[in-house]
Amino acid sequence: MKIAEYFELDSEKFTLVGLSIRSINSLELRCIDKEKSKNKKEYIVDLNIE
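Described in the following lines is the structure provided in the data block. Along each chain, the written sequence defines residue order, and numbers are assigned to residues from 1. Totals for whole chains, interfaces and linings use all residues, but because this is a predicted model, local features are given only for residues with pLDDT of at least 70 and pairs of side-chain atoms are given and counted only at 80 or more. Hydrogen atoms and water are omitted, and side-chain values are computed over all heavy atoms in the structure.

Most of the time, phi is negative for any residue but glycine, and the peptide bond is trans. Its identity as a non-glycine residue notwithstanding, E8 has a phi of 55°, on the positive side. For E8, the position within the fold is in the loop between α1 (3-6) and β1 (14-23). In this structure E8 comes out as exposed when scored by relative accessible area, which is 73%. Residue N39 is not a glycine yet carries a positive backbone phi of 50°. Going along the chain from the N terminus, every DSSP run of H or I of four or more residues is numbered as a helix, and every run of E of two or more is numbered as a strand. Residue position: N39 is located in the loop between β2 (26-33) and β3 (44-49). Here the term buried applies to any residue with accessible area under 20% of the maximum for its type, exposed to any over 50%, and partly exposed to those in between, with areas from a 1.4 Å probe on protein chains only.

Right, dumping it as structure tokens:
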């Protein structure tokens with residue numbers, strides 16, 4: 001199973017590009033927001049999972 005599938009990340013809107021472990025109870029998914037990315041510039045967002 002892919003990490004994006006495990007966290008039920010909307011693959012139509014986001015592309016997972018990184019993962020950070022902040023603490024035992026906190027993860028951060030770094031993603032490209034496909035809807036906000038324009039003109040070959042990627043809009044990066046961090047989604048916190050607690």
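Before going further, it helps to spend a moment on the side chain of S26. Position of S26 among the secondary structure elements: in strand β2. Not counting chain neighbours up to four residues away, the residues in contact with S26 comprise S20, I21, I49 and E50. In this analysis, two residues are considered to be in contact whenever any of their non-hydrogen atoms come within 4.5 Å of each other.

Let us now look at the sheet that holds β3. Within a sheet, each strand pairs with its neighbour through backbone hydrogen bonds, oriented either parallel or antiparallel. One open sheet accounts for 3 strands, arranged β1-β2-β3; its pairing is antiparallel. With one partner strand each, in any of the chains shown, β1 and β3 form the two edges of the open sheet. On average, each strand axis in the sheet is tilted by 25° relative to the strand beside it, whichever way the strands run. A pair of strands is labelled paired if DSSP reports no fewer than 2 bridges between them. Sheet topology places β1 next to β2; 8 bridges connect them, and they run antiparallel. The partner of I21 across the bridge, within β2, is L27. All axes here are fitted lines through C-alpha atoms, helices being fitted over the stretch that makes contact, and every angle between N-to-C directions spans 0 to 180 degrees.

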